Structures are given as structure tokens and as C-alpha cells.
Amino acid sequence: MSKVLPPKPRSLNQKTQITIVASKYNDEFTDAMVENTHEELNELIPNGNIELIRVPGAFEIPVAVETVLRQSRPDCVICLGLIIRGQTAHGDMVAESVTHALQQISVSHATPVVHEVLLVGDEKQAYARCIGSKLNRGREAARAAAAIIDTFTQLKRSTSRVFPSNA
């Protein structure tokens, strides 16, 4: 588990379409994730067009992502949600199902899907990851999106498979 945010990738000046699909459940935390992701994206990708889609809970995120990718071709989809473990296995089952579905969707559409649907043990962990500055997963999602968009842009332009930014 990382204990700090990854370094900021280089800023991208290209026009980019990014869709954020975020859960409404645990809104104190998911709203903060959306806000932090949006702020970081605006800094890293100033020419980005960001679309926000809200769904009831984490379980509904994959079907919304699948629908978005069938209807349009964003450069990247960012998934934001928060599951707080309870006293049953339900949260773990939802988290595993969402993770598996998002990976399948990403691969089948060959489109980057950034997975920040968090499974945490309690509200203290949720605060640290969604609202705090040290482990902020919203900012991390934006950084991952910028990095993978840059990589995919290079993939589309290059016949060589060694990229200067990866060396």
C-alpha cells in the first residue's frame, strides 16, 4: 500500500475527454474525491473536457462505465467510490465484483479505466484517503489518468514500443 501520492506526471496540452463515474453513497467522502480529482485534472490537463456521472453506489459504477464506453470514446474513465467494511462480507463482495468488472470493461474496450473505488475499514481511513492531503486518492486518480492518457497517446503515434517518458 502506498503511503504518499505518486509524483505529478507532466502536464498535457492536448484536448482530452475524461469521464468520471462516481458513487453518491458515502457522499461526504465521494464528493471530496470528485472535487480533488477535478481540481488535479484541471491542473494536469488544462484542455481536458471532464464529464461527471453520479450513480447510487459502488456496485452501479461498472454498468455506467460500460454504457459510457458503448456510447462514446473518452480517453479515460475515472471511477470513484467508497465502501466502508461492515460486520458482514457484503462490502468485500461488492469491492471484488466492482474490481473484476472494471478490469474486464477496460480490457474489452481497450480504454483506460482508473479504479479508485476504495474499500476501507472505517471512517478514519476514509477521511485520510478521500479528504486528507497525504494519501488523497482523488488526486492520485487524476495523476494516474494523466499518465495513462499520455502513454496511450504515445502508443497511437509510435511504431516503436520504447517511449522517452518510460525510459
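Calculation notes
- Chains are numbered independently. Their residues run from 1 in the order of the written sequence.
- Only residues with pLDDT of 70 or above have their local features reported here, since the model is predicted, and side-chain atom pairs are shown and tallied only from 80 upward, although totals for entire chains, interfaces and linings are computed over all residues.
- As a convention, hydrogens and water are excluded, and side-chain values are obtained from all of the structure's heavy atoms.
- Segments assigned H or I by DSSP are reported as helices when at least four residues long, segments assigned E as strands when at least two residues long, and all are numbered from the N terminus.
- Here the open area of atoms and residues is found with the Shrake-Rupley method and a 1.4 Å probe, where only the protein chains shown may cover a residue.
- UniProt positions are given in the numbering used here, feature names are shortened, and annotations may be inferred rather than shown by experiment.
- Throughout, a residue-residue contact means that at least one pair of heavy atoms, one from each residue, lies within 4.5 Å.
- DSSP calls a pair of strands paired once it identifies at least 2 bridges connecting them.
- Axis definition: a line fitted to C-alpha atoms, limited for helices to the stretch in contact. Angles are taken between N-to-C directions and run from 0 to 180 degrees.
- Here the nonpolar core consists of buried residues drawn from Ala, Val, Leu, Ile, Met, Phe, Trp, Tyr and Cys, with membership extended through side-chain atoms lying within 4.5 Å.
- Between buried and exposed lies partly exposed: a residue is buried under 20% and exposed over 50% of the maximum accessible area for its type, with that area taken using a 1.4 Å probe on protein chains only.

> Can you walk me through the overall build of the chain in this structure?
Along the backbone of the chain there are five helices and four strands. In sequence order, the secondary structure elements of the chain are arranged as β-α-β-α-β-α-β-α-α. With the model as given, the accessible surface of the chain reaches about 9000 Å², and the carbon-plus-sulfur share is 53%.

> What am I meant to see in the environment of G48 here?
Within the secondary structure, G48 is located in strand β2 (residues 48-55). Counting along the chain gives 31 residues from G48 to Q17, while the straight-line C-alpha distance between them is 5.9 Å.

> Even after reading the chapter, I still don't get the UniProt feature "binding site: (2S)-2-hydroxy-3-oxobutyl phosphate" (unreviewed entry) in the chain, so can you show me in this structure?
Taking the UniProt record as the reference, the feature "binding site: (2S)-2-hydroxy-3-oxobutyl phosphate" (unreviewed entry) is found at Q87, T88 and R129. Positionally, Q87 belongs in the loop between β3 (76-84) and α3 (90-109).

> Hey, could you run me through the UniProt feature "binding site: 5-amino-6-(D-ribitylamino)uracil" (unreviewed entry) in the chain in this one?
Within this structure's numbering, the places UniProt gives as "binding site: 5-amino-6-(D-ribitylamino)uracil" (unreviewed entry) are Y25, A58, F59, E60, L82, I83, I84 and H115. Within the secondary structure, L82 is located in strand β3. Dropping the residues within four chain positions of it, L82 is found in contact with N26, F29, T30, L118, V120, A126 and C130. Looking at the element boundaries, I83 is found in strand β3. For I83, the contacting residues outside a window of four places in its chain are A58, G91, V94, A95, V117, L118, L119 and V120.

> For this particular structure, what's the right way to read the sheet that holds β2?
Pairing between the strands of a sheet is mediated by backbone hydrogen bonds and can be parallel or antiparallel. Strand order in the open sheet made by the four strands is β2-β1-β3-β4, with parallel pairing throughout. Of all the strands in the sheet, the pair left with one neighbour each is β2 and β4 (113-120). With direction set aside, neighbouring strand axes in the sheet form an average angle of 15 degrees. In this structure, strand β1 (residues 16-23) lies alongside β2, joined through eight bridges in parallel fashion. Bridged to S23 within β2 is V55. Taken strand by strand, helix α1 (residues 27-44) contacts β1, β2, β3 and β4, and its axis lies near 155 degrees from that of β3.

> Sorry if this is basic, but what is going on with the nonpolar core here?
Nonpolar side chains in soluble globular proteins generally cluster together in the buried interior. One finds I20, L41, I45, I78, L80 and L82 to be the most contacted residues of the largest nonpolar core, which totals 24 residues. At the level of elements, β1, α1, β3, β4, α4 (123-130) and α5 (137-157) are the ones that each hand at least two residues to this core. Not counting the four nearest positions on each side in its chain, I78 is found in contact with I18, T19, I20, V21, T37, L41, V114, A141, A142 and A145. With 17 residues, the next largest nonpolar core counts V65, V77, I83 and V113 among its residues.

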